[in-house]
Amino acid sequence: NVKYVMKRVRLARQTDAQRKASFREMELVQSLSHPYVVTCHDAWVERGHTICVVYGYCSAGDLASFLHKQSKAKMLVNEEKLKKWFAQLIIGLD
């Protein structure tokens, strides 16, 4: 049973620079293919004003959410775990 999540970006309230960045992000995620990068399954512009991007679902959440929760709870992240994640991030960008 495969799960997906959809990111919707409303363009109407964005500046021209923000719109360009949103379109660049949509194009970039469609071109990425790496085991350490969440897969983009589809992306499109809906009715000319909303970018929709479908990603594979991450049951553990994303890194930003994890770090936010850790920070809010005033908990430190294990250094070895951070090193592993950093290495995966760098490899994913290669």
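Now for a description of the structure that goes with this document.

Procedures and definitions
- Residues numbered from 1 in each chain as written.
- Predicted model: local features only at pLDDT ≥ 70, side-chain atom pairs only at ≥ 80, totals over all residues.
- Heavy atoms only, no water.
- Patch = residues over 30% accessible without salt bridge, like charges linked within 9 Å, V, L, I, M, F, W, Y side chains within 5 Å.
- Areas by Shrake-Rupley, 256 points an atom, 1.4 Å probe, with all protein chains shown as cover.
- Salt bridge = Lys/Arg side-chain N within 4 Å of Asp/Glu carboxyl O.
- Helix = DSSP H or I, 4+ residues; strand = E, 2+ residues; numbered from the N terminus.
- Buried < 20%, exposed > 50% of the residue type's maximum accessible area, 1.4 Å probe, protein only.
- Core = buried A, V, L, I, M, F, W, Y, C linked by side-chain atoms within 4.5 Å.
- Contact = heavy atoms within 4.5 Å.

The next point concerns a nonpolar patch on the surface. A cluster of nonpolar side chains, Phe86, Leu89, Ile90 and Leu93, forms an exposed patch at the surface whose accessible area comes to about 440 Å². Its location among the elements puts Phe86 in helix H3 (residues 79-93). The exposure class assigned to Phe86 is exposed, which follows from its relative accessible area of 53%.

Counting nine residues, the largest nonpolar core is built from Val9, Leu11, Met26, Val29, Cys40, Ala43, Ile51, Val53 and Tyr55. Of all the secondary-structure elements, those providing two or more residues to this core are helix H1 (16-31), strand E2 (40-46) and strand E3 (50-56). For this core, the element with the most residues is E3, which contributes three residues. In contact with Val9, not counting residues within four places along its chain, are Gln14, Ser22, His49, Thr50 and Ile51.

In this structure, Val5 sits in strand E1 (residues 4-10). Among the residues examined, Val5 registers a relative accessible area of 39% and is labelled partly exposed. Residues Val5 and Cys40 lie 35 residues apart in sequence; the distance between their C-alpha atoms is 9.7 Å. Setting aside its immediate chain neighbours within four residues, Val5 contacts Val53, Val54, Tyr55 and Gly56.

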